[in-house]
Amino acid sequence: MARAVTGIAPTPAGRYRRLARLSLLALLPVLAWSVISTGRRYLDAAALHGGGADGWRDHAIVALGVDTARSSAVDVLVVGLVHLLPVLVLTIIAGGVWERVFAVARGRPFDPAYLVYAVLFTLLCHPAVPLGQALFGLSFGLVFAYAVFGGAGRTFLNPALVGVVAMQVSFPGALTDHPLWTGLAGHGGTTLLDAYHREGMAAFAWSGIDWGGAILGRAQGLMGETALPAILVGGAILVAARLASIRIIAGAVIGIVLGSLVANAVGNGMADGGLATLPWHWHLVLGGAAFGVVFLATDPSASTTTNAGRWIQGILTGLLVVLLRVATPAHADAVYPAILMVSMLAPLIDHGVVAHNIRRRHTGHAH
Amino acid sequence: MRSPADGAAPALSIAVRGVPLPALGAAPGLDTLRAQAASRVGVLGADFPGTRFDVVVDEGDPVAPGGVLLRDRRHPDIAFTAAIGGTVSRVQRGARRSLQWIAIRGDDAPAADELKVPERPGPGDIRRLMLESGLWTAIRTRPYGYLPLPDASPDAVFVAALDTRPLAPDPAQVIARQPGWFAAGLDALAIMAQCTVYCCVAPGQPAPAATDSRVRPVTVSGGHPACLPGVSIHHLCPVGGGGRTAWEITCQDVMSLGRLLREGIPWRERVVSVGGPGVASPCLVEVAQGAAVADVVAGMTIDPAATLVTGAATHGRLAAGPGAFLGQRQFQITALPPGAGADDDTIAPLLPTTDLDRLSPPGILAAPMLRALLVGDAERARALGALELVEEDLAALSAASSAGADYGALLRIMLDRISREGG
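Please read all numbers here as calculations on a predicted model, not as lab measurements.

Engineer: Hey, could you run me through the overall build of chain B in this one?
Structural biologist: If you tally the helices and strands in chain B, you get 11 helices and 19 strands. Here chain B has a C-alpha radius of gyration of 21 Å; the compact-globule value for 423 residues is 22 Å, and the two agree. With the C-alpha coordinates aligned to their principal axes, the bounding extent of chain B is approximately 60 × 55 × 45 Å. The burial tally for chain B puts 60% of its 423 residues in the buried class. Of the roughly 16,100 Å² that chain B leaves accessible, carbon and sulfur atoms contribute 50%.

Right, here's the structure in full:
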């Protein structure tokens, strides 16, 4: 029997390639902004510190002629690229090797869709991440959360996230330690969340960070999580391409707002409320909340697949982000474990939605 | 969804959220209508899934207009008849001796047998007339999309008097040529099936002039897939839970039934549209049902490189080779740009993108259903509502999904298996 013809739509493989290209395109604004914000944050810290630290990146920066005392726009770019490029090149090459190994072993074509996860992983690294740790984390994520399941579209957790978590478990300081920034005034640890937990709003003032500054990426953090406008542009691309569900994103924002309102109600009455007193509009812009919700929680292969499930997943993610942040303020940002946990629950959430749909069908109602 | 109205029965209306369609321009109107003679007509086996045919003619036999060509092997009362008189030119068989198509070449034919229509036909008379004239094969059941058994009775009958497929002829214009036929056909269906006959119309379209109180107009608003009977059936007679049966029949077949009851002969022509980017001047053609595509487009300027498709661009069938005939429910020929519908062997993974939910038939959870179809889990597909669907309902999902699967074909396999295992 003739195959049904469905009009002028591109071929399935073409649609798939287009989706892979669009998810990569959505990451470009974040990549670009992370170069700028990493460079600026390094130079800000170096100015406070009276010079760079003693790592190979710092030597490279000096060798490239950057004057940390009087930095120009070019210096910002150079410093940013010195931090981003080595990690990016390493993850792309190492990821390509793993993809090639599995393609040959499985007798399937080489699928460049892994690039999305290599870039995501890079953006989830600290600017000064040791390259050995990055290589380990990326390999773990791409092999055990991606390639063994058959590659793109067949995973159930985000491979980049799994890689970062494996890296953090194996090297506890991987997401927080930076020889230059750790110990600087106001940059205790590297997260403002931790600083706020200890000092309250005063910590933000010492760090010279206001809410607008946090939006523009002046706060310390991982390479990708500091550029809210770029994240929003990338998110718009993903939503327009129907790769990311606006329901998950909206649900997560609702969850974060609701969670922090409840936490505030409890925390503001306590003498030492810590992170429980952080207002919701700070929760949204600090740490990895925006980056995680837009790029990780919405991964179509690692999230719920029903519209009702997407709302539930989003709200759960938001609530869990606030809960984990308040409960474990001394640890690295709780956004990533929260997303990973809800991602594991996604099949269960879908199961509930499907069971409801089936029940209604059997009672004979149209809806 | 249901709004009160001034009549005895409340007026019914359904709002459909349309899906994006390829921009192919406006459909041709009645002013472009021309009559075209068909030198070859055919009956396609693929139009009747689940049916096994007894071929009751041989190649070379003369056949009168309306003469019986095929019978349903398990229910020989169901006859498939010739739309034109002539000679049986080909009986094409496929795998395991299934019937692919049977073709008739038109020439001097014996006169048609007259069908005797009683003065006031009762349910049994109409049923017999439909079976003998071949009009019974215009009915399709939900669930399963099969031909109804000769003695079956549905819970409701659905007639789509609107067509939202791109470039399709406007049923309102076709009905307006013979409104009496359409009204008589609707009345006959209500008498024969003894249940509600829902006549689905577009907003602003006049309600049919049927006299039987069981004929109820339903206004279906919105874009495609508003015209698909599955959408109306989902809202008015949901069959997915099992136990209920709905029948669907196209409005031109209803007109044919009306003429049969009024004049003793069914209307054996159909109004089809020819359009698409490869056609110089799109037009409507009145041509014998099941006419060969080459006959329908004869004399028109069509890009030789275009891909000819019977049916709409949203869900059509490649029209190539000697078996290219208009199908049972196909009222258009679309000339798509070269390469459209080309097969692609690469099977990519199914990414559950958010547009799947928008393109999904009402009440169906897209990603779980597509996964059940891809892995061949009939039990799960049934629980998720496969019984509400036929192939055309999944066309939009096949076009949008990254997996490269023809979900309509997979659904057909599931439905046949569910039916075999006793529903």
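Engineer: Could you clarify how one ought to interpret the packing of aromatic side chains in this entry?
Structural biologist: Both the distance between ring centres and the angle between the ring planes are used here to describe each pair of aromatic rings. All names here are of chain A. In this structure the tally under the stated criterion is 15 aromatic pairs over all chains. Aromatic side chains Phe140 and Phe144 sit 5.2 Å apart centroid to centroid with 45° between the ring planes, which places their arrangement in the tilted category. Here Phe144 and Phe140 lie together in helix 5 (residues 131-144), a separation of 4 residues that amounts to about one turn. What makes Phe140 partly exposed here is its relative accessible area of 32%. Relative accessible area serves as the criterion here: at 52%, Phe144 is assigned to the exposed category. Every member of this aromatic cluster is reached through a ring pair, and the members are Phe136, Phe140, Phe144 and Phe171.

Engineer: Which parts of the structure should I look at to understand the sheet that holds strand 4 (residues 53-55) of chain B?
Structural biologist: What holds strands together in a sheet is hydrogen bonding between their backbones, with the strands either parallel or antiparallel. Residue and element names in this part refer to chain B. Judged by pairing direction, the sheet is antiparallel, and its 3 strands sit side by side in the order 4-6-7 without closing on themselves. Edge positions in the sheet fall to strand 4 and strand 7 (79-81), since each has one partner strand and no second. Within the sheet, the average angular offset between the axes of one strand and its neighbour, ignoring direction, is 30°.

Engineer: Could you clarify how one ought to interpret a nonpolar patch on the surface in this entry?
Structural biologist: All names here are of chain A. Residues Phe136, Phe140, Phe144, Val148, Phe149, Phe156, Phe171, Met341 and Met344 make up a contiguous nonpolar surface patch of roughly 800 Å² in combined accessible area. Ranked by residue count, the leading element in the nonpolar patch is helix 5, at 3 residues. Residue position: Val148 is located in the loop between helix 5 and helix 6 (159-170). Classification of Val148 by relative accessible area gives partly exposed; the value is 36%.

Engineer: Teacher, can you tell me more about the sheet that holds strand 14 (residues 246-250) of chain B here?
Structural biologist: Residues and elements named next belong to chain B. Ordered in space as 1-13-12-11-14-10, the 6 strands form an open sheet in which the pairing is mixed. At either end of the open sheet lies a strand with only one pairing partner, and these are strand 1 (12-15) and strand 10 (140-142). Adjacent strand axes in the sheet meet at a mean angle of 30° when their direction is disregarded.

Engineer: Got a minute to help me understand the nonpolar core in this structure?
Structural biologist: Note that soluble globular proteins tend to have their nonpolar side chains buried in a common cluster. Among the nonpolar cores identified, the biggest contains 88 residues, and A:Leu120, A:Phe291 and A:Phe295 are the most heavily contacted of them. Here this core takes 9 residues from helix 1 (residues 12-49) of chain A, the largest share from any one element. Beyond its immediate chain neighbours, meaning those up to four positions away, A:Phe295 contacts A:Ala26, A:Leu27, A:Val30, A:Leu120, A:Asn158, A:Ile231, A:Gly234, A:Gly235 and A:Leu238. B:Val159, B:Trp181, B:Val279 and B:Met300 belong to the second-largest nonpolar core, a separate cluster that totals 78 residues.

Engineer: I would appreciate a short explanation of the pattern of salt bridges in the present structure.
Structural biologist: Where charged atoms of side chains with opposite charge meet at close range, the side chains can pair. All names here are of chain B. Evaluated as defined, the whole model comprises 20 salt bridges over all chains. Put simply, Arg165 and Asp163 hold a salt bridge, and the shortest N to O gap is 2.9 Å. Looking at Arg165, the relative accessible area reads 22%, which means it is partly exposed. Using a relative accessible area of 18% as the deciding quantity, one classes Asp163 as buried.

Engineer: In this structure, what is going on with the confidence of the model for chain A? I would like to understand it.
Structural biologist: Detailed reading of the predicted model is not advised wherever pLDDT is low. All names here are of chain A. Of all residues in chain A, 89% attain a pLDDT of 70 or more, and the chain-wide mean is 85. Ranking the elements of chain A by mean pLDDT puts strand 1 (residues 4-5) last with 50 and helix 5 first with 95. Confidence drops under pLDDT 50 across residues 185-189; counting only partners more than four residues distant or on other chains, this segment forms 14 contacts.

Engineer: It is not clear to me how the pairing of strand 1 of chain B should be interpreted in this structure. Could you clarify?
Structural biologist: Side-chain direction in a regular strand flips from residue to residue, so the side chains alternate between the two faces of the sheet. All names here are of chain B. Side chains Leu12 and Ile14 of strand 1 all project onto a buried face; the interleaved residues Ser13 and Ala15 project onto a face where none is buried. Two elements, strand 1 and strand 13 (residues 215-221), share 4 bridges in a ladder whose sense is parallel. Each bridged residue has a counterpart across the sheet, and for Leu12 the counterpart in strand 13 is Val218.

Engineer: Looking at this structure, how should I read helix 14 (residues 307-327) of chain A?
Structural biologist: The periodicity of an α-helix, 3.6 residues per turn, causes residues three or four places apart in sequence to face the same way. A rise of 1.5 Å per residue sets the reference length of helix 14 of chain A, with its 21 residues, at 30 Å; its end C-alpha atoms lie 30 Å apart and thus fit the reference within 8%. Those residues of helix 14 of chain A lying buried are A:Gly309, A:Arg310, A:Gln313, A:Gly314, A:Thr317, A:Gly318, A:Val321, A:Val322, A:Leu324 and A:Arg325. Against the buried residues of helix 14 of chain A lie helix 7 (192-199), helix 11 (246-267), helix 12 (280-285), helix 13 (289-296) and helix 15 (335-362) of chain A together with helix 7 (355-359) of chain B.

Engineer: Which parts of the structure should I look at to understand the packing of helix 1 (residues 123-133) of chain B against helix 5 (residues 251-263) of chain B?
Structural biologist: How two helices pack is summed up by the angle between their axes together with the distance between the axes. All names here are of chain B. Packing of helix 1 against helix 5 brings their axes to within 11 Å, and their N-to-C directions diverge by 110°. In terms of orientation, helix 1 lies roughly perpendicular with respect to helix 5. Considering only the axes of helix 1 and helix 5, their crossing is right-handed. On helix 5, the residues touching Ile126, Leu129, Met130 and Ser133 of helix 1 are Leu257, Leu260 and Leu261. In terms of residue class, the contact of helix 1 with helix 5 is made up of 6 nonpolar, 1 polar and no charged.

Engineer: Which parts of the structure should I look at to understand the packing of helix 14 of chain A against helix 15 of chain A?
Structural biologist: Residue and element names in this part refer to chain A. Across the interface, helix 14 lies against helix 15 with an axial gap of 9 Å and an inter-helix angle of 150°. Taken as axis vectors, helix 14 and helix 15 run roughly antiparallel relative to one another. For the pair helix 14 and helix 15, the crossing hand works out as right-handed. When helix 14 is examined against helix 15, the residues Ala308, Gly309, Ile312, Gln313, Leu316, Thr317, Leu320, Val321, Leu324 and Arg325 are found in contact with a partner set consisting of Val335, Pro337, Ala338, Ile339, Met341, Val342, Leu345, Ile349, Asp350 and Val353. Here the contact of helix 14 with helix 15 is built from residues that sort into 15 nonpolar, 3 polar and 2 charged.

The rules behind these values
Residues numbered from 1 in each chain as written. Chains lettered and ligands numbered in written order. Predicted model: local features only at pLDDT ≥ 70, side-chain atom pairs only at ≥ 80, totals over all residues. Heavy atoms only, no water. Helix = DSSP H or I, 4+ residues; strand = E, 2+ residues; numbered from the N terminus. Rg over C-alpha atoms; globule rule 2.2 N^0.38 Å. Buried < 20%, exposed > 50% of the residue type's maximum accessible area, 1.4 Å probe, protein only. Areas by Shrake-Rupley, 256 points an atom, 1.4 Å probe, with all protein chains shown as cover. Phe/Tyr/Trp six-rings, centres within 6.5 Å; stacked < 30°, edge-to-face > 60°. Pairing = 2+ DSSP bridges. Axes fitted to C-alpha atoms, helices over the stretch in contact; angles between N-to-C directions. Patch = residues over 30% accessible without salt bridge, like charges linked within 9 Å, V, L, I, M, F, W, Y side chains within 5 Å. Salt bridge = Lys/Arg side-chain N within 4 Å of Asp/Glu carboxyl O. Core = buried A, V, L, I, M, F, W, Y, C linked by side-chain atoms within 4.5 Å. Contact = heavy atoms within 4.5 Å. pLDDT = per-residue confidence, 0-100. Expected span 1.5 Å × (residues − 1). Parallel < 35°, antiparallel > 145°, perpendicular 65-115°, else oblique. Left-handed = near helix turned anticlockwise from the far one by under 90°. Nonpolar A, V, L, I, M, F, W, Y, C, P; charged D, E, K, R; others polar.

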